[in-house]
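The lines below spell out each chain.
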Amino acid sequence: MVSPAIALAFLPLLLTLLIRYRYYFVLLYRAVLVRWIRDCLTGMSREERAYQYILTHATPGDSQSILDTFDQWCSKVEFISNIGPKKGKILDRLLVENCPLTVLELGTHCGYSTIRMARSLPIGARIYSVEMDERNAQVAEKIIRLAGFDDDMVELIIRPSDEVIPRLHEDFGVERLDFIFMDHWKRCYLPDLMLLEETGLIGEGTIILADNVIFPGAPNFLRYVRRSGIYELRIHRATLEYIRGIRDGMAELTYIGIK
Amino acid sequence: MEVEDGKEKEFSLYYVKVEADSERGKEKRVQNGKRRRERNGESTSEMGNETVEKKQCRAVRKEGEKHGKRAKRKNTGQDDAEEGSNKDKKNTKNEKTKVSKQEEEQKRDVKKKKKDIKHKDDANHGKSKEPLEGKNKKKQETVFESESKSESDSESTTAFEATDDPPVGLLGSLTPEELEKLKEAVDERKKLIGTLRGKPWPMKKKLTNLRESQEFVEKYEGALGKGKGRRIYAYKVVMMKKWMKFQRDFDNFRTACIPWEMKIKEIESHFGSSVASYFIFLRWMYGINMILFGLTFGLVMVPEALMGRPYGSIPRKTVPREEEANAMNFAVLWDFGVQKPTTIQMFVARRDEDQMKEGFAKYSVLFYGYYNNQRAIGWLKFRMPLSYFLVGVGTVAYSYMVVIRTMARNANEEGGGDDTCFNFSWKTFASWDYLIGNTETADNKFASITTSFKEAIVEEQESRKDDNIHLTRFLRVLANFLVLCCLAGSGYLIYFVVRRSQKFALEGLENYGWWERNEVRLLEPSTVEILWLNEEKNNRNAASFTNTQVNMVMSLLGMFCPMLFDVISGLENYHPRIALQWQLGRIFALFLGNLYTFIIALMDAIQLKRAEEDIVKKNMTIWLANLYNGTVLDNSTAAPITVHPADVPRGPCWETMVGQEFVRLIISDTMTTYITLLIGDFFRAVLVRFLNNCWCWDLEYGFPSYSEFDVSGNVLGLIFNQGMIWMGAFYAPCLPALNLLRLHVSMYLQCWAVMCCNVPQERVFKASGSNNFYMAMLLVILFLSTLPAIYTIVSIPPSFDCGPFSKGFGYVSNPGLVLPFLLLLVLAIYYLQSTSKTYKRVNVELKKKLQAQNEENKKKNKLAALKAANELEQARRARDEPRNSISDPDATQQRSSVDRAGHHRHAGKNGESIRPGPSVSSSQTTTRHTASRGYTPSGHLPGHAHKPQKNLTKR
């Protein structure tokens, strides 16, 4: 029914879409296609492959070297949505400025951000890192230990975040959280935040840093934070890790309490 | 603007009153006044602080009253009678005031001050600035009576006199002191209202302050008013308020009368001025089309409908017999004459049956063919053909006139000149778009200003480094190359489609398979349009060229190519304003290509029709012969042969065909626009909004997002639409009406769509400069669309049996007549263009001159200040010497000159920090009055030297 001429007239549209959303296509290719092919070829999970690469390329005990190797692997070989070097700098700065003693990390994944945080924390600080997936957690543990951080510094909790948060006080004796880093499922940001509020572990001055609030995005979370009025919201605009053209941002919330 | 003004007026009723007589330099004057007041306050500082304050208040009040009065007189033309009575009253009051020494003292000072201010006002009106101090001093020396006399000379002092009256009546219970306090408070409030605008407060505070003060003044001012003078004053105040309120209401009313003003303002506040500029342009276009519509409707369509021969009287005004069956079908009417076969028909019916039928609309005043070639119609002897022709010329001439005039006006506003010199100061002080009222837009604007700063800094650095320029240039060239490729591709595509459809049409459908046939039938219903059905049906292959496929390809390309251009322009890294112009230029080229493809194809179709017409002419004679033969054979008596007009064979009438094509093009264009709007904007917005709750990424911020309003595409759509109207209006008088309808609908629809489903542009920018760019394009399009119209009128002979010119068109089609007309047009445009250019150049030169003068004045002032500082030193030294120097004329002279310079100095203490930029006019007045300085006694120096003078007065 459709003549070739009309089909040709759609060519500019196609080109436009291709050019305008090229970064998304690149992301699709790297994050989905390459991963799938490699999974089939090697029979290992992506995280395990990353661990192998790090094991062969990085210096054990040197956290900077491990991070660099991670970045290299993510930008050259495959894609893992770590926090990345650019946004990582913002994270570093926040930690150095505030010197938190108790840190909760939701979503360890491969341990990249855990290493990053542990590196810039003061002596005596403690990170509770929550990861749901067993295999990822194993890899993460290995990598963290490889970077030279022991159990006192980083406590890895292998359970879903919504189970962990209510029991933080009872199981781990946490009185107050100074810094919370969220990088797990974007859908869980809001319920987890509400859970945290309920437990009362958040006090005045607690900083909550949520990654990827613009892409893939957590609109409900942002909306809630804006409306609630008990947080001071600041959005650090950046690009998505390892891919230049996609805009992303981190939300920095400071709990100011009800006034 | 008007709305804003209105609001401001609401804010500061009194403020406006004060400024009623001079519009310019409002704030400046108020500030000056304040400054002077302060100075005077210092000068009389030996009196108690309280009194000084009181005086200040009074003076301010006086000033306000005076202005109000002046304004009122200006406005209402008040008579002198009242004035006289006021004077009498004043005199009596003057006598009263002599009662106590103390009061007298105060009063005199107050009056002095009053005088002072009055003179300052005069100076502000350009009379004199200098004698202020001089007069002041004179006043101190002159007798009291003379003062009162001079007072009575001056205007409007009643109210003040009345203020000093002992209060009687309603507020009698209050003691005079309390009353005085109350008055002070009221004055204080008034002063606050007057100077509120200049205060460095946040808007909220200003507003609350203003409300409070207004309420207070409202409450107590009336209560204070008692006594005769009071009553008149109160009456005046009330009248003034009423008048102001009326003016405000009238302004609001006027704003409400401007069509869609509020809508546009709202859009402007949400989306910035670039989007609003589109709507303003749309409104302007609507106005022009209104006039065009008035011309065609009033002078062509209505006379023909009322006075011309009725429908069915002659062949050209009758639907032919074979079309009668379908003539009123909606589908036929909808398509303005040409029926599309329905799908069922298409698959079921044999080819012979799905002939194109022509509808009722074709045989109406809407199209050229309906008009009769009668020289004069009706009891008015209305000369229809002439009127038709003149309206055709008139619409084009009017359009030229309006467009060129608007361009000239815009060119004046542009001013030109070296606006890029102060890049950073422009950015700092002038980059905010004050019309933005939406937080999101404001955020965007904020972000864009910061980025523009960053970019400008980077640019500045790079212009010094000068290494990356090659890459930029290469990218720009590459972008243009890509765009050219795209243009060429789209042009070829259209050409290909047109050729293919013509091939189908010419060779008939038998040679093609079912698939192709159906394709053509479905997409090009009018290809199989049969225009003339004679007995043999041998003309079947003569078909109209346009078809839905061509239209569809054209509109699809017109829709998608600009998107591609937009993406490509990302390479170039231009400022958005320049990028917009490039984008406009490119889309312009694209649309122009489309339009001209259309026209060329149309010309082909006209040739076909004309060939057909020749055949018809031949057949006509045969038909007539048959008719006569038949009747002669039947009936021997030579009875007049009556044939129903519907049965008479007729020619194809290419003019009507052209008109129809344009109408169809306009309609399909409109439909495309609206459908795009609905799908691309509305459905997208709905999807994004409601799918966002259950999607794995953020749709609103991320990938599909909401659409932005496409200014360039919409503007060009509008311009080309107008071009088509201009082109086709001669052959289809209904076109302006249709366009009016379209613009009306799209105004509402697009306003709604913008507010409902678009987001503000990421880079909001001011689009003040691009207005003339639109106009220039409009002019080009106007020219390009008149060319083919003139060509068809001049070179192609009109059809023999339809239209007002079917008898012949000799005098118009003579190139000797048309060429000079065209030449005249071009010359006129050239002349206007060159004049406007000259004006522009003069403007620029004037600007430069002003700048130079300003700088010179700055230098001069600096010198003068230095000199003044020196002389101040001298004066100080002189103060230590015996005081008899004051009587010395030389010293006075000197001091006066010191004074002259010192008029800038009051800001800084010792002439160290001199205000840098006094306005040119003030310094001119300064120089002008040096001549009259000689005999005026010198005034006191504001800063230091006034003390001896004070002492002198006391003595």
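Residues numbered from 1 in each chain as written. Chains lettered and ligands numbered in written order. Predicted model: local features only at pLDDT ≥ 70, side-chain atom pairs only at ≥ 80, totals over all residues. Heavy atoms only, no water.

For the rest of this paragraph, the subject is the interface of chain B and chain A. Contact with chain B, which involves 31 residues of that partner, is made by 24 residues of chain A. Summed over both sides, the interface of chain B with chain A buries roughly 2400 Å², with 68% coming from carbon and sulfur. Where chain B packs against chain A, one counts 1 salt bridge. Linking Arg-20 of chain A and Asp-566 of chain B is a salt bridge whose minimum nitrogen-to-oxygen distance equals 3.4 Å. Applying the counting criterion to the chain B and chain A interface returns 2 residue pairs in polar contact (both at pLDDT 80 or more). Put simply, the parts of the chain that give the side of chain B that touches chain A at least two residues each are helix 20 (469-507), helix 21 (514-523) and helix 22 (548-569) of chain B. The greatest single-element share of the side of chain B that touches chain A, amounting to 11 residues, is contributed by helix 22 of chain B. (Contact = heavy atoms within 4.5 Å. Buried area = accessible area lost by both parts, 1.4 Å probe. Salt bridge = Lys/Arg side-chain N within 4 Å of Asp/Glu carboxyl O. Polar contact = N/O pair within 3.5 Å; in protein donor to acceptor, adjacent residues only side chain to side chain. Helix = DSSP H or I, 4+ residues; strand = E, 2+ residues; numbered from the N terminus.)

Time to look at the packing of helix 13 (residues 261-271) of chain B against helix 26 (residues 735-757) of chain B. Two measures define how a pair of helices packs: the angle their axes make with one another and the distance between the axes. All names here are of chain B. Remark: helix 13 packs on helix 26, axes separated minimally by 11 Å, with the N-to-C direction vectors making an angle of 30 degrees. Between helix 13 and helix 26, the interaxial angle falls into the category roughly parallel. The element helix 13 and its partner helix 26 pack so that their crossing is left-handed. Listed contacts from helix 26 to Lys-263, Ile-264, Glu-266, Ile-267, His-270 and Phe-271 of helix 13 are Met-747, Tyr-748, Cys-751, Val-754 and Met-755. (Axes fitted to C-alpha atoms, helices over the stretch in contact; angles between N-to-C directions. Parallel < 35°, antiparallel > 145°, perpendicular 65-115°, else oblique. Left-handed = near helix turned anticlockwise from the far one by under 90°.)

Residues and elements named next belong to chain B. UniProt feature "transmembrane region" (unreviewed entry): in the numbering of this structure it lies at residues 284-307, 385-404, 477-498, 550-571, 583-603, 773-794 and 814-832. Taken end to end, residues 583-603 is 100% helix and 0% strand, and its two terminal C-alpha atoms sit 30 Å from one another. The span residues 773-794 shows a helical share of 100% and a strand share of 0%, and its end C-alpha atoms are spaced 31 Å apart. (UniProt positions renumbered as here; feature names shortened; annotations may be inferred.)

Formed by 110 residues in total, the largest nonpolar core has its most connected members in Phe-279 and Phe-281 of chain B. Among the elements that make up this core, the one with the highest residue count is helix 23 (residues 576-634) of chain B (14 residues). Setting aside its immediate chain neighbours within four residues, Phe-279 of chain B contacts Ile-264, Ile-267, Phe-709, Met-747, Gln-750, Cys-751 and Val-754 of chain B. Tyr-112, Ala-118, Ile-144 and Ile-246 of chain A belong to the second-largest nonpolar core, a separate cluster that totals 48 residues. (Core = buried A, V, L, I, M, F, W, Y, C linked by side-chain atoms within 4.5 Å. Buried < 20%, exposed > 50% of the residue type's maximum accessible area, 1.4 Å probe, protein only.)

So, on to a nonpolar patch on the surface. Residues and elements named next belong to chain A. A surface patch of nonpolar side chains, amounting to about 720 Å² of accessible area, comprises Leu-8, Leu-11, Leu-14, Leu-15, Leu-18, Phe-25, Leu-28 and Val-32. Of all the elements in the fold, those that place two or more residues in the nonpolar patch are helix 2 (11-20) and helix 3 (22-42). The biggest single contributor to the nonpolar patch is helix 2, with 4 residues. Among the secondary structure elements, Leu-28 is positioned in helix 3. (Patch = residues over 30% accessible without salt bridge, like charges linked within 9 Å, V, L, I, M, F, W, Y side chains within 5 Å. Areas by Shrake-Rupley, 256 points an atom, 1.4 Å probe, with all protein chains shown as cover.)

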